[in-house]
Amino acid sequence: MGEDREAELLAQVPDRLFIGGEWRTAEAGKTLKVYDPATGEVVKEIADASPADGMAALAAADAAFPSWSRTPARERAELLRRAFDLLQERKEEFALLMTIEMGKPLAEARGEVAYGGEFVRWFSEETPRIQGRYGANPEGTGRMIVSQHAVGPCFLITPWNFPLAMATRKIAPALAAGCTVVIKPAELTPLTTLYFVKLLEDAGLPKGVVNVFTTSTSSAVSAPIIADPRLRKLSFTGSTPVGVKLLEQAAGGVLRTSMELGGNAPFVVFDDADLDKAVDGAIAAKFRNIGQACTAANRFIVHRSVVDEFARRVTERVTAFGIGRGTEEGVTIGPLIDDRAVAKADELVTDAVARGADLRTGGKPVDGPGTFYLPTVLSDVQPGSDILREEIFGPVLAIVPFDDEDEAVRIANDTEYGLVSYVYTESLARGQRMIELLETGMMGLNMGVVSNAAAPFGGWKLSGLGREGGAEGIHEYLQTKYTLTPNPF
């Protein structure tokens, strides 16, 4: 029954490109394969776009922009609301689809549907609230009008780890602002985005407003789009090295850019922390999405007086995790996305152990089909270990002891990244100091999960530019115009 349900769902997912309101095959007739990381089996074959397909998608977005940008805000809002309602009706389908193509446990996939849907609902509500201002200039010689306008056609590039939420938190504010869209999902997990665009079509999306292409040659297809003067906005979520290259390309056209890049999140546990809360938060911050999240805690910086007890408790929790395909009952840890992810996790663990870290549990790939890595706890990780500098993106919890507050802050800030930090302390004053001292764009104070559609998501330093979500998110797709009119008196 389960296999029949999966086959029926996969048959409903489009296997073509969506350009100008039409589902079409790739110009060159090429296809790419999508795999289930839990089994290694091909689940669907879809269109593999060429540069010509990418340019056709941009042309469609450009042609649709004048009409869509003049569409009344209430109509744009109602389209997004219809999309939200349809997503609630189809939530089980989207959850299962994400589990098939990405590997996360079904319970977490359901959580992503809820999270991703909130961006659609939030920005449907923000659409009619785009505001300007009017007032006399200080000299009294005229009246100033400040208005907000849609940026223009946008190119959105999303990653593989949150296939729905990364699409909705880019598409929804763009449509709310009056922009048109070309979206390129990751080659590894394109099916959820294709299915979501089909949902938008069912909600009444006008032709050309959202266009999607899938490709195995991302750089070749993306470069001409970014270089084209019709494009006015680039939004990317992914690794910092790729983000830097895209920023270089975007500079030629002085494009508006939003970059949500890598992270190296510190999770600081002070001696006065409630350890029950800290352990719960650690499990959530580290193992959500199998550790494959830019917000995943990377370095657990724990006061020496509680480090042994903290390590004992988290190890006890981790050894009880269920490992397997995300559709199975009791599974906590699904597969990593591919062989390269497994190899990287293993290399980081091996290096840490060689430098003196204590391997408490896990620490190796799982034999058999699929790309699984045992959930791992390392304690007493030594300075200079690669695992303290590089983003893990896997189910590996690395613990570093500290002795005083100044040392904790120094270790936490000792990275070029600054996306999110987590702090556990029962001291209000210390919590306030951490807000001031930790160099991250987001922070969880006695909280292990911070993401929320109503909050601005984004980082400092090499973790990116701009914000997604919250009242700030829609402004990434708006540009400001100032008009001066004569004094009417």
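Structure shown above.
None of the values given here were measured: they were computed from a predicted structure. (Residues numbered from 1 in each chain as written. Predicted model: local features only at pLDDT ≥ 70, side-chain atom pairs only at ≥ 80, totals over all residues. Heavy atoms only, no water.)

Engineer: Please provide a residue-by-residue account of the overall build of the protein chain, values included.
Structural biologist: From N to C terminus, the protein chain includes 15 helices and 22 strands. On C-alpha atoms alone, the protein chain measures out to a radius of gyration of 23 Å, which is about the 23 Å that the 2.2 N^0.38 rule sets for 489 residues. A principal-axis box enclosing the C-alpha atoms of the protein chain has dimensions of 70 × 65 × 40 Å. When each of the 489 residues of the protein chain is scored for burial, the buried share is 57%. Across the protein chain, contacts joining residues at least 24 apart in sequence account for 73% of those joining residues at least 6 apart. Carbon and sulfur atoms make up 51% of the accessible area of the protein chain, which totals about 19500 Å². Each charge sign in the protein chain was given a centre, from 50 positive and 66 negative side chains, and these centres are 6 Å apart. (Helix = DSSP H or I, 4+ residues; strand = E, 2+ residues; numbered from the N terminus. Rg over C-alpha atoms; globule rule 2.2 N^0.38 Å. Buried < 20%, exposed > 50% of the residue type's maximum accessible area, 1.4 Å probe, protein only. Contact = heavy atoms within 4.5 Å. Areas by Shrake-Rupley, 256 points an atom, 1.4 Å probe, with all protein chains shown as cover. Lys, Arg positive; Asp, Glu negative; His and termini not counted. Charge placed at Lys NZ, Arg CZ, Asp CG, Glu CD.)

Engineer: Please set out unusual backbone geometry residue by residue, giving values where relevant.
Structural biologist: Backbone geometry places Val254, a non-glycine residue, at a positive phi of 45°. If you trace the backbone, Val254 turns up in the loop between helix 9 (240-251) and strand 11 (256-260). The exposure class of Val254 is exposed, given its relative accessible area of 64%. Although it is not a glycine, Asp380 sits at a positive phi angle of roughly 55°. Looking at the element boundaries, Asp380 is found in the loop between strand 15 (376-379) and strand 16 (396-402). Assessed through its relative accessible area of 38%, Asp380 is described here as partly exposed.

Engineer: Could you give me a rundown of helix 11 (residues 307-318), with the residues and numbers involved?
Structural biologist: The first and last C-alpha atoms of helix 11 sit 16 Å apart over 12 residues, in line with the 16 Å expected at 1.5 Å per residue. By the burial criterion, the buried members of helix 11 are Val307, Phe310, Ala311, Val314, Thr315 and Val318. Buried residues in helix 11, looked at end-on, bunch into an arc of 125°, giving them a common side. More than 90 degrees from the buried face of helix 11, the exposed residues found are Asp308 and Glu316. Of the surrounding secondary structure, the elements contacted by the buried residues of helix 11 are strand 12 (265-269), helix 10 (275-287), strand 13 (297-303), strand 14 (358-361), strand 15 and strand 16. (Expected span 1.5 Å × (residues − 1). Arc of directions from axis to C-beta.)

Engineer: Lay out the pattern of salt bridges with the relevant residues and their values.
Structural biologist: This structure, assessed with the given rule, holds 31 salt bridges. Here Arg313 makes a salt bridge to Asp276, at a shortest N to O gap of 2.6 Å. In this pair, Arg313 sits in helix 11 while Asp276 sits in helix 10, placing the two residues 37 residues apart along the sequence. The salt bridge involving Arg317 is made with Asp280; its shortest N-O contact spans 2.8 Å. Within this pair, whereas Arg317 is found in helix 11, its partner Asp280 is found in helix 10, the two being separated by 37 residues in sequence. The class of Arg317 is partly exposed, set by a relative accessible area of 33%. For Asp280, a relative accessible area of 43% corresponds to the partly exposed category. Three or more residues are tied together by salt bridges with common partners; here these are Asp271, Asp272, Glu405, Arg430 and Arg433. (Salt bridge = Lys/Arg side-chain N within 4 Å of Asp/Glu carboxyl O.)

Engineer: Tell me about the sheet that holds strand 5 (residues 133-136), and name the residues and values.
Structural biologist: Read from one edge to the other, the open sheet built from 3 strands follows the order 5-6-22, with strand pairing classed as antiparallel. Lying at the two open borders of the sheet, with one neighbouring strand each, are strand 5 and strand 22 (478-486). Taken over all neighbouring pairs, the strand axes of this sheet differ in orientation by 20° on average, direction set aside. With 4 bridges joining them, strand 5 and strand 6 (residues 142-150) adopt antiparallel strand pairing. Note that in strand 6 the partner of Gly135 across the bridge is Met144. (Pairing = 2+ DSSP bridges. Axes fitted to C-alpha atoms, helices over the stretch in contact; angles between N-to-C directions.)

Engineer: Residues and numbers for the pairing of strand 12, please.
Structural biologist: The element strand 12 is extensively covered by neighbouring structure, given that 5 of its 5 residues are classed as buried. Side chains Ala265, Phe267 and Val269 project from strand 12 onto one buried face, and the interleaved Pro266 and Val268 project onto a second face that is buried too. By the bridge criterion, 5 bridges tie strand 12 to strand 13 in an arrangement that is parallel. Note that in strand 13 the partner of Phe267 across the bridge is Phe300. For the handedness criterion, the β-α-β arrangement of strand 12, helix 10 and strand 13 is classed as right-handed. (Right-handed = clockwise from strand over helix to strand, strands pointing away.)

Engineer: Report on the sheet that holds strand 16, specifying residues and quantitative values.
Structural biologist: Taking strand neighbours across the sheet as the criterion, the 7 strands line up as 14-15-16-13-12-18-19 in an open arrangement whose pairing is mixed. The open sheet has two edge strands, strand 14 and strand 19 (442-445), and neither has a second partner. Strand-to-strand twist in this sheet, taken as the mean axis angle between neighbours without regard to direction, amounts to 20°. Set on the sheet, helix 13 (residues 405-413) makes contact with strand 12, strand 13 and strand 16; between it and strand 16 the angle comes to about 145°.

Engineer: Give a description of the side chain of Thr376 that names residues and reports values.
Structural biologist: By secondary structure assignment, the location of Thr376 is in strand 15. Separated by 2.8 Å, the side chain of Thr376 and the backbone oxygen of Leu374 make a polar contact. Look past the residues within four positions of Thr376 in its chain and what remains in contact with it is Phe287, Val318, Val349, Leu359, Thr361, Gly362, Gly363, Pro395, Val396 and Leu397. (Polar contact = N/O pair within 3.5 Å; in protein donor to acceptor, adjacent residues only side chain to side chain.)

Engineer: I'd like to hear about the environment of Ala114, residue by residue, with values.
Structural biologist: Among the structural elements, Ala114 can be located in helix 5 (residues 106-126). Of the residues examined, Ala114 reaches a relative accessible area of 43% and is grouped as partly exposed. Taking the C-alpha atoms as reference points, Ala114 and Met55, separated by 59 residues in sequence, lie 33 Å from one another.

Engineer: Which residues make up the pairing of strand 13, and what values do they have?
Structural biologist: Among the 7 residues that make up strand 13, 7 are buried, leaving the element largely enclosed by the rest of the structure. Direction of pairing for strand 13 relative to strand 16: parallel, over a ladder of 4 bridges. Of the residues in strand 16, the one forming a bridge with Phe300 is Ile399.

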